[in-house]
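# A look at the structure
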Amino acid sequence: QMKQDGEKRVEQNENLMRQMEQLNTENGELQQQILNSEQKMKEMSTNLSRTEEERNKLHDSLRETSDVCLELESKLSSYKREKEEMLEEHETKIDDLEELLDRTEAESASVR
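Now for a description of the structure that goes with this document. (Residues numbered from 1 in each chain as written. Predicted model: local features only at pLDDT ≥ 70, side-chain atom pairs only at ≥ 80, totals over all residues. Heavy atoms only, no water.)

### Re the overall build of the protein
In terms of regular secondary structure, the protein is built from one helix and zero strands. For the protein, the C-alpha radius of gyration of 47 Å lies well beyond 13 Å, the compact-globule estimate for 112 residues. Buried residues in the protein amount to 0% of all 112 residues. Carbon and sulfur atoms make up 53% of the accessible area of the protein, which amounts to about 11,000 Å² in all. Here the protein holds 17 positive side-chain charges and 30 negative ones, and the gap between their average locations is 10 Å. (Helix = DSSP H or I, 4+ residues; strand = E, 2+ residues; numbered from the N terminus. Rg over C-alpha atoms; globule rule 2.2 N^0.38 Å. Buried < 20%, exposed > 50% of the residue type's maximum accessible area, 1.4 Å probe, protein only. Areas by Shrake-Rupley, 256 points an atom, 1.4 Å probe, with all protein chains shown as cover. Lys, Arg positive; Asp, Glu negative; His and termini not counted. Charge placed at Lys NZ, Arg CZ, Asp CG, Glu CD.)

Right, here's the structure in full:
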């Protein structure tokens, strides 16, 4: 009986040792998975920070480009107004010169 009890205990101890070894192996694997996950999280965090920096730079660039675009639109509008005013002035001058030419031709014709 004692021999059987002793053999049972040895067998139980061996089973417990195998279970401990298996748990230690699993624990090591899980620890490695945790380290890998932490490394991936650091990389993702770094990538996210870079992406946010790039986004902010692009946003700043967009704002600057929009400002330049508004300024150019304003200048273009101003130049168009100036051009239209100059065209009107030139048309008025042409009309005045044509009128003067007509009068001069009429006076010249009457003098002859």
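### Points about the pattern of salt bridges
Applying the stated criterion across every chain yields a total of two salt bridges. A salt bridge links D60 to R63, with the shortest nitrogen-to-oxygen separation between them at 3.2 Å. Note that D60 and R63 are positioned in helix α1 (residues 2-111) at a spacing of three residues, about one turn of the helix. Exposure remark for D60: the relative accessible area of 35% places this residue in the partly exposed category. (Salt bridge = Lys/Arg side-chain N within 4 Å of Asp/Glu carboxyl O.)

### Focus on a negative patch on the surface
Taken together, the side chains of E82, E84, E85, E88, E89, E91, D95, D96, E98, E99, D102 and E105 present a region of like negative charge at the surface. Positionally, D95 belongs in helix α1. (Patch = residues over 30% accessible without salt bridge, like charges linked within 9 Å, V, L, I, M, F, W, Y side chains within 5 Å.)

### Focus: the environment of S61
Inspection of the secondary structure puts S61 in helix α1. Residue S61 is classed as partly exposed on the basis of its relative accessible area of 35%. Between the alpha carbons of S61 and L72 there is a distance of 16 Å; along the sequence they are 11 residues apart.

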